[in-house]
Every structure is written in C-alpha cells, then in structure tokens.
Amino acid sequence: MLGPLLAVLLFLAAIISAFGYLRLEEMDREQEAVKRDVEYAQQRVRLRLLERQEQLMRIARDISNKDVDPEEFMGRAEALVVQYAELQAVTWIDERRRIIASYAAPSVSGPQLRVAGDVLRSGETETMFGLARDLQQPVYSQPTAGTDAGGFLQLHIPLADQGRFGGVILAEYSIDGLLRFGAPAEVSAKYAVALLDGKGRVLAGTSVPARNAATHLLPWAAQNNEYEVPVSPVGNGLIMRAQAYRTSLGMIGSGLFWLVGALSVMTAWMLIGNWRHTRRRMQAQRALVAETNFRRAMENSMLTGMRALDMQGRITYVNAAFCQMTGWSEAELVGRTPPFPYWPDEDRELLAARLDDELHGRASTSGIQVRVKRKDGSVFDARLYVSPLIDAKGHQAGWMTSMTDITEPNRIREQLSASYERFTTVLEALDASVSVAPLGSEELLFANKLYRQWFGVQTGGHLQMVAQAGMPEHPRDESLDDVDSFVGLPTGALTAARSENAEIFVTELGKWLEVRSRYLNWVDGRLAQMVIATDITSRRHAEEQAAAQAERAQSASRLVTMGEMASSVAHELNQPLTAINNYCNGLVTRIQRKQINEEDLLAALEKTARQAQRAGQIIQRIRSFVKRSEPNRTLSDVAQMVDEAVELAEIELRRRNVRLTHYVAARLPQVMVDPILIEQVLVNLLKNAAESIDNARRPTARRSVELRVIPQQVDEQQVIEFSVLDTGQGLAPEVMERLYEAFFSTKAEGMGIGLNLCRSIVESHQGRMQAENIYNGAEVAGCRFSFWIPVSGATNNIAKKDAGATV
Amino acid sequence: MSLIPKKGTVYVVDDDEAVRDSLQWLLEGKDYRVRCFDSAESFLSRYDPREVACLIVDIRMGGMTGLELQDRLIERKSPLPIVFITGHGDVPMAVNTMKKGAMDFIQKPFKEDELVSLVERMLEHAKGAFAEYQSAASRDALLSKLTSREAQVLERIVAGRLNKQIADDLGISIKTVEAHRANIMEKLNANTVADLLKIALGQNAPKTSA
C-alpha cells in the first residue's frame, strides 16, 4: 500500500535532485563565462593602456633626446588625444613642475585644464609627480571615487635629461572613456561592467542593484554571479568588475520540472484515493461477511423450516431447520422437482394440488396443514406458510415457504383439553360454589355445579353474595371509581390482593355461607371477581352453641368469683350499714333528749344518706359484674375498666389486708373489647394475688399487689399489657404446668375454672396470657400474672365483624 | 373535745371513715368523750396511758391490724380495756383476742344498748385497772432500787427461808444476810416482814398471771 506512494516520492526526489544538479551546473558555467569575459575585457583595457603608454614613452624618449619642441609635442599630443577618445589630456611638465605644454580634449574644462607656464599645484598629482621622479619609471595614479580627480587616471612618465630627471609627461585618461572604449561591446552588453577604485567604489560603469533582503536568504541567491579582476598596469588601484544580470531559469527546464512534479502529485493523489477506495471496499466486504454469518446463524437457529422454490417448483434453498425436520440433507433436496421426497406416498396427489395452488399464488395466508414424511419414514404434522420471493429487480423469482412442526402443539392442546376436563370435573364436584363474573356486568363467566344448584345460571346469586358479604363490587378506590370503574385500575395489584372472607346468611337457601372473593384477570383480559361460597351452616350452629356455652361459663365464673368473695362483700356492705345504724341510733338518742339542733340533724341525715348510697353502689357494681349480658365489644377506655375492676377487687383485698397499688400509663388508646370480660380477668387475677399473699402469711409490710397497665410492642404489634405482681408464695412447678387446666385448683374451695376462663377470654381478644414466679435470690418473692391485648388488630378486625353482624 | 370529762374517754380506731364518724356521733350522744384515729399507728403515737379510757378497735385494718395493736399494748403493760369490732366471718379471730385479755367483741352493725353497756363496763373496769396500774408502777419504782444481791435475798425471804438457809444458799455469812435484810426493809419502806411480803407479792402477782 505504501509501496506505490514511496515510489512516487522517490521519483519526485530524483527529479528534484536532477534538476538541482543541472541548475548548479548551469550556475557554474555562468560563473566561468563571467570570469572569461571579465579576463578578456581586462586584457583589452590593459592592452589599450599599454599601447598608450608605449606611444607616450616614445614621445618621452624623443623629448629626452631633444628631438621635440613644445610645438611638436602639442601636435603629437593632439594626434593622440584625437585618435584615442579615452585620453583626455597630455601635458609636458619640466623638472620644476612647470607646465611646458599641454593639450586637452575639448571636453575637458575647469580645474582639469592645464595651462602652459603654470606650476603644478601641490596635491595628488604633485605626489605622483614626486613618485615618478623618484622611481624613474612610469607611474599610474590610484584614482579614488568621489574626488575631483576621481574620473581620471593619470600616467606620469619621467623624462630623462642626460641621465637626470627632466620632468614628466602627464597623460590623463578618462576612466569612463577607458571603460567605454576599452571594454569589448559584447561583454558590456551581457554584464554590468564597472571599474572600481582600490576600495571597491565604483569609478565608472554600472552595477546591478543589490537584491532585496528576502531573496538574499535563499540559498541559491547567496552568491551573486560576478567577477572582479585588477587592471594590470595600474595595479590594485583599478579593478574591473562584471556582474551577470539575473536570468530567469530556463523555461524549458523548469517547465519540465513542474510537469513532472504535477504528474507525481497527481499520481500520489490517485494512489491515496485508490487506497481509500480499497479500504472502503474491504470494510463493506467485512460487513457483508458478518451480515451473512448473522443471517446464516439466524437461519440455523430458527426452529421454522424454510424452503424456497423457483417459478417451476424446483427447490432452490432449504435451511438447517428444514433439513433437521425432514431428515433429508440439503444436497438431497436442492434442485429436486415435485414430487418431493418428503411427501408421504398416500398424500402425493393432494400435495401436488397444494403445490400447484402455491405456485399459482392461491395459497391461503393462514397457512395450510400438511403431513410430512421424514427420511426414516415417520410422518409428522406441519403447517406451511407461503410468500412470494422477489428478486433484486422486483420480479418474482419464486416462492418462500416456511414450515412449522405442529405435532407438539397438537399434543399440548390435547393435554390441555384433557386437563381442562379434569379441572372442570373437580370444580363441579366441589362442595363449594364457585362463580366468576366480570365487574359491572350481568354476565356469568363461570359457575360450577353447586352454584347452579343454588342459584341457577343467573348472575343474581353471585351479585347477592358479593353485596351481602359487604365486599365492594368495584375496588374501593373512590377517586378512580368516580370517573370510570376500569380506567387506571392497577389490575395486577388487585388480583394480587388478599382475598376477603365474610360469613353471610342467605335467606333463600336458609344457609350460612362463608364467602371468599378475589379479583382475577379473566382469560379475555377483563377484570373479574371470583366468589367461592362454602356451606358453613352446621359449623355456624356449632360455633353459636360453643359461644353460648362459653358465655354461660364466663357468667358462671363471675358468679363463682363473687361467691368466693361473698364474705368480703358482706364485710364491705356491713361498713355503710353499720355507719347508717350508728347515725340513726345517735339521732334517736339526741332527739329523745331534745339535745339536737337543726344543723347537726341535717348533717347527720346527709351522712346517713351518703352511706346508703355507698351500699347501693357496691350492690350495683356487683350486680353489673355478675349480670349475664350479651357479649358486647365496644371501644373501651382502659383506665375506666381498670378502675371498675380495682374497686371490686379492693373489697377482697381490704378484707385480706392487702395493699393495692395500680399504675395506668397515660394516653392509652381505646381497645375494642368486652369490658365486663376484661374486668372479670382483672378481678380474678387480683383476687388470686390477695389469696396467695394471705396463704403465704406475709407480714403487713409485704402484703401488697401491684397492677400495671402499659403499652407494649409484641411481634411488631401494638398491645396493652396488664400485669399483676403479688408478694405471695408463687407457683410450684407442677402447678405452673397445669395452670390453665379446667377444674384444676390449688384452693380447697376453688372450682378451678378461674384461670382457664381468664385465658380463653384473653385469647378470644387475640391476646396472650402468661405467669411467672419472681425470685429474690433462691426464694420465691412473688408471682407475676400478665396478659396483653392488641390495639390495632383487635380494633380493626372486630370492628369489621361487628359492623357486618349488627347491620 | 371538751375539757370537762363526761362519763369517760373512748378511743375509736377504724380505717373506715364513715364507721369511725358514725361511732363518734353515737357515743357523743351518750355523753362520752370520743377520740378517733384512722390507724393503729397514729393511735399508738398519741396515746397517753395515764388517762382512764377504753378502746374500740376494728380487727381488720390496712397497715397495723387490731390484733397487732393489742400485742403492742400488752407489751407496754397497758391497762387499757379493749373491745374489737368484727365483721361477719371473723369470730374465730375475735375469740383469740379474748384469750389475750380483750374485754369483748361486737359485731357490725352494732346494737346501741349493747355497745353502751359494753363501754360502761369497760370504763368501770378501767378505773380499777388504772389504780392497780398506778400502784404497780410505784412498786416497780421501789423494787428497782434494790441491788441484784438484795433482790436474791428478798426472793428467798418471800419463799419463807431462814437467814441461815439463805446464807448457805448464797455462800455468804449470816451477818451479811442480816445486813441485806435491813437494807431491803429500809429501801422498801417496810416495817415488818408482812409488809415486805405484801410489796413483793403485789409485784409478783401480775407477773405470774400474765
């Protein structure tokens, strides 16, 4: 993948290096050319200078030989100046610096013009003059740019006068002219040629302006293509320089480069594009493979057999499930034409007709049931569904058939109907009536035999039972009921709710029925109510009898209790009677003696009356305790009950000289009890406690009974606990075991029904009773009887029951 | 409570306020001075034995019972005559009190004349008993002056033994016995042996009967 890209990059690098090499080569060549041309030009200038020097020296020799007078000198100078344009002036100066003769070109003017008879001015020229005199050799001046004499090059040629210095011939060249006429034209045309002084300043000619700073940074622009060479007779004072003009790269070379470069970039771009395309194709291919595998797995995991037929009825495809179902392999089935091998022989014609229907698109959408033969010859029931197979172009290419083995469902259906039958039989034989009716409808969804016997096939009986049982036909959610009985009903929660029980009397049947109802989702999804009613008439009678029996027993027990307390009661009654008697006798005495005033009389009579009332109250209390009354559970105040019981029991306790302290917790909730029965239990326990203390013959200080009534928590239930703690002799272990047995008593005169009855009374109030000895070290210090009665549970359950019974 | 004694003082101890109050009403009608107490304890703390009085007490009371009160009074050698008020079923208990020296018991409700005559009887008895109580108290005071040796000697004199025998019994000389005798006679203010015997026996008599 990277290979082609690398190749392109290598190719590009090769092109660039080749181009670079060529370019360097060319630059080298150019450099060479500059050098050559400058050498050539310098040569020409030198030759020209040397020629002039030669001619001037000839003149100088002639002057030295006295062959030339100033006039002739002027003539020859004129000839030179005229002939050679660069030569500006020729001057003859004697040894005393006096100008003998001078000829200047017409263009010379001003201070440069030398006049015969003038003395040479001190300055540069004078210095050169001195140098030429001393050296006895021709001397060139070192022109300097920017000075007056800058534009001129002077040549001092010394004259010899019989071996002595006889002055000089001063020739002055225009440097500009020297360049113009000395340098060959072809060189000047190609380069910027200039003459420079010793310090590199331009004396004449042109120079290429410096490039801007930016281009200087470029590596190939660093070296300017130029060449300098000193003009030889003058020496280092005069330098010739040529600068090549910048030439653009050859269009052909760079064009080729750009073409190749563009092609390379395009090739790289194509490669990348190609590579990306390939990658996308690979991804698509992988996705396709995954999808295909997924489809394959789906087909294989399916329990439904799939078979494709082409338009001629030839099998083109079967899936794994189909092969597994029929037992034929894929190879054996694909390509087969009807009759297919899995057709049972006897159904062949029927199946051929079915296939014909299928091929002509007449198959029913609900599928067809057929029999299929496996390879091993066994036959099973299957259901076929057919749908057309459409190819990519939208034409029908055949038929797709799915096949389901329905042997198992058939068997289950049969089993279901059998079990339904059994279930119905059981329901019919049940000795309870079972009925189901939807809410808010007269329709009876289900009723068993007993229900039909009792109420017929109408819903009336069902509804009557529901109404009588006090169960709402609609769930008790009023806010929802107001709108619609079904909207928003959480049916799941309803059906999960506990079924409710009630006992009702159906006058039409003359029977007591125990009715249980619960909500259920009927098979069609409707919310329905099921009512199960059991005949409990006989049980009810037995219960009523038992209740009456218990009540009689309780009543009798109270009488017994009172009987046992008779002497105490008599004592208690004796007190007010004695007081009344005393008051009356005292009154009689006083009245007989006439010793009484009205005030005392009234006070005594009031006291007497109060004592009579007291006696009456005692009798009333005993009467209400003993009086046989219907069981009557009401919401009762605990403190009041305790007070009543304590007052009764105190009669006995006082007689036995036993002190009673009682504590009733504040703010106790009311309890749903029969107060007379609870009082009975309390009186019994207190009386027993006093007897126990009496029997133990405790000293006065230890003759006390404590009654405590406090709220408690038992098994996460709010209860009220009553406990009676005495200081008697406690209970022996064998007595503890038989404590609640009927007719078991430790007392000589006891009948043994007290505690047994107490326990049954407590338990009928959903309470519990227990007894324990209190130890002081190893010695028994007393005994604690306690019982509790639930607060909430008792209240709710009994309230409901009573409400049902009294309405 | 008037300062002028009428026919005598009657203490009433009963924990039933009505019975107590009515009894007071009844007895005051008969001109007795009546003092009521609601418990045996409060009676014992305020009771003055020098007063001639009688006690009517309920046999059953919260706290200290009538029986216990009787025991306390016997301990104190109180001459107070006691009558118990009993309920219907308490007769065996009442009999027991009689054995311990109670005058009588009355059952509720009381018959007026029965009660009054009983109170009369008790007060009569109380007068004698208080006189006896006073003389016994003075005798006790005299006898308490004797040393233990003198008491031993007196005991033998009363038993009728001779000086010589007494000297033998106690292992002392006859002279010493005679000296003791003289001292005893002086301390008890007795001039003759007969006086001595009277004082000594008068002291011993209640001791043996109790």
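What follows concerns the overall build of chain B. Counting secondary structure elements, chain B contains nine helices and five strands. Of the regular secondary structure in chain B, the N- to C-terminal order runs β-α-β-α-β-α-β-α-β-α-α-α-α-α. Buried residues in chain B amount to 32% of all 210 residues. When contacts within chain B are restricted to residue pairs at least 6 apart in sequence, those whose partners lie at least 24 apart make up 63%.

So, about the interface of chain A and chain B. Counting residues at the interface gives 24 residues for chain A, matched by 22 residues for chain B. Here the side of chain A that touches chain B takes 16 residues from helix 17 (residues 566-593) of chain A, the largest share from any one element. Looking at the side of chain A that touches chain B residue by residue, the class counts come to six nonpolar, 13 polar and five charged.

So, on to helix 11 (residues 407-429) of chain A. Since the α-helix turns once every 3.6 residues, residues separated by three or four places project in the same direction. For helix 11 of chain A, built from 23 residues, the straight-helix expectation of 33 Å at 1.5 Å per residue is met to within 8% by its first-to-last C-alpha distance of 33 Å. Where burial is concerned, little of helix 11 of chain A is hidden: zero out of the 23 residues are buried.

Right, let's talk about the packing of helix 16 (residues 537-564) of chain A against helix 22 (residues 754-764) of chain A for a bit. Residues and elements named next belong to chain A. Running from N to C, helix 16 and helix 22 cross one another at 135°; their axes reach a closest spacing of 10 Å. Viewed along their axes, helix 16 and helix 22 adopt a mutual orientation that is oblique. Of the two possible hands of crossing, helix 16 and helix 22 adopt the one that is left-handed. Along its contact with helix 16, which presents Ala 550, Ala 553, Gln 554, Ser 557 and Thr 561, the element helix 22 presents Gly 754, Leu 757, Ser 760 and Ile 761. Of the residues assigned to the contact of helix 16 with helix 22, the class counts are four nonpolar, five polar and no charged.

Our focus in this paragraph is the sheet that holds strand 9 (residues 238-244) of chain A. Residues and elements named next belong to chain A. Overall, antiparallel pairing links the four strands, which are arranged 7-6-9-8 in an open sheet. Looking at which strands have only one partner, the edges of the open sheet turn out to be strand 7 (202-205) and strand 8 (226-230). Geometrically, the sheet is characterised by an average inter-axis angle of 25° between neighbouring strands, direction not taken into account. Across seven bridges, the pairing between strand 6 (residues 191-197) and strand 9 is antiparallel. Opposite Val 193, over in strand 9, you have Ala 242 as the bridge partner. Of the strands in this sheet, strand 6, strand 8 and strand 9 are in contact with helix 1 (residues 2-64), which crosses strand 9 at around 145°. Relative to the sheet, helix 4 (residues 175-182) contacts strand 6 and strand 7, its axis offset from that of strand 7 by approximately 40°.

This part covers the packing of helix 16 of chain A against helix 20 (residues 675-696) of chain A. Residue and element names in this part refer to chain A. Closest axis-to-axis distance for the helix 16/helix 20 pair is 11 Å, and the angle between their directions is 35°. The handedness of the crossing between helix 16 and helix 20 is left-handed. For the pair formed by helix 16 and helix 20, the contact residues are Gln 554, Arg 558 and Thr 561 on the first element and Leu 677, Gln 680, Val 683, Asn 684 and Lys 687 on the second. Grouping the amino acids of the contact of helix 16 with helix 20 by side-chain chemistry returns two nonpolar, four polar and two charged.

Residue and element names in this part refer to chain B. The end-to-end C-alpha separation of helix 8 (residues 174-187) is 20 Å, in line with the 20 Å expected for 14 residues at 1.5 Å each. Looking at helix 8, one finds that the buried residues are Val 177, His 180 and Ile 184. What you see down the axis of helix 8 is that its buried residues fit within an arc of 60°, all on one side. Exposed side of helix 8, more than 90 degrees from the buried face: Lys 175, Ala 182 and Glu 186 are the residues found there. Close packing links the buried residues of helix 8 with helix 6 (148-158) and helix 7 (163-170). Phi for Asn 189, located one or two positions after helix 8, is positive at around 55°.

Here we come to the confidence of the model for chain B. Residue and element names in this part refer to chain B. When the pLDDT values of chain B are averaged, the result is 81; 92% of them are 70 or greater. Segment residues 1-5 is flagged for pLDDT under 50; beyond a separation of four residues in sequence, or across chains, it makes four contacts in the model. Contacts from residues 204-210, a stretch scored under 50 in pLDDT, to residues over four places away or in other chains number one contact. Complex prediction metrics read pTM 0.42 and ipTM 0.71.

What follows concerns the sheet that holds strand 1 (residues 9-13) of chain B. All names here are of chain B. Taken together, five strands build an open sheet; the order of strands is 2-1-3-4-5 and the sheet is parallel. The open sheet has two edge strands, strand 2 (33-37) and strand 5 (104-107), and neither has a second partner. On average, adjacent strands in this sheet sit at an angle of 20° to one another, irrespective of strand direction. Of the pairings in the sheet, the one linking strand 4 (residues 82-86) to strand 5 comprises four bridges and is parallel in character. In the strand pairing of strand 5, Phe 84 is matched with Phe 105. Across the face of the sheet, helix 1 (residues 17-29) comes into contact with strand 1, strand 2 and strand 3 (53-58) while running at roughly 175° to strand 2. Those strands touched by helix 3 (residues 66-75) are strand 1, strand 3 and strand 4, and its axis lies near 150° from that of strand 3.

Let us look at the nonpolar core. Judged by nonpolar contacts, the single largest core of 55 residues is most densely connected at A:Val90, A:Leu153, A:Val168, A:Ile169, A:Ala171, A:Ile175 and A:Leu195. Among the elements that line this core, the one with the most residues is helix 1 of chain A, at nine residues.

Residues and elements named next belong to chain A. Bridging between strand 24 (residues 717-726) and strand 26 (residues 779-790) involves eight bridges; their strand directions are antiparallel. Opposite Val 724, over in strand 26, you have Phe 785 as the bridge partner. As defined by bridge partners, strand 25 (residues 768-776) adjoins strand 26 across nine bridges and the pair is classed as antiparallel. Bridging across to strand 26, Glu 772 finds its partner in Arg 784. Counting the residues between successive antiparallel strands, the hairpin from strand 25 to strand 26 contains two residues, one of them, Gly 777, with a positive phi of roughly 70°.

Moving on: the confidence of the model for chain A. Confidence along chain A averages 81 in pLDDT terms, with 88% of residues attaining 70 or more. The low-confidence segment residues 794-807 of chain A (pLDDT under 50) makes 14 contacts with residues lying over four places distant or belonging to another chain.

This part covers the pairing of strand 19 (residues 527-535) of chain A. Residue and element names in this part refer to chain A. Sheet analysis places strand 15 (residues 432-438) next to strand 19, joined by seven bridges and oriented antiparallel. Opposite Ser 433, over in strand 19, you have Ala 533 as the bridge partner. The hairpin turn running from strand 18 (residues 511-521) into strand 19, its antiparallel successor, is five residues long, and Gly 525 in that turn takes a positive phi close to 90°.

Attention shifts here to the environment of B:Leu196. As for its placement among the helices and strands, B:Leu196 is situated in helix 9 (residues 193-209). B:Leu196 sits 38 residues away from B:Val158 along the chain, and the two C-alpha atoms are 8.1 Å apart.

The rules behind these values
Residues numbered from 1 in each chain as written. Chains lettered and ligands numbered in written order. Predicted model: local features only at pLDDT ≥ 70, side-chain atom pairs only at ≥ 80, totals over all residues. Helix = DSSP H or I, 4+ residues; strand = E, 2+ residues; numbered from the N terminus. Buried ≥ 20, exposed ≤ 12 C-beta atoms within 10 Å, placed from the backbone. Contact = placed C-beta atoms within 7 Å. Nonpolar A, V, L, I, M, F, W, Y, C, P; charged D, E, K, R; others polar. Expected span 1.5 Å × (residues − 1). Axes fitted to C-alpha atoms, helices over the stretch in contact; angles between N-to-C directions. Parallel < 35°, antiparallel > 145°, perpendicular 65-115°, else oblique. Left-handed = near helix turned anticlockwise from the far one by under 90°. Pairing = 2+ DSSP bridges. Arc of directions from axis to C-beta. pLDDT = per-residue confidence, 0-100. Core = buried A, V, L, I, M, F, W, Y, C linked by C-beta atoms within 7 Å.

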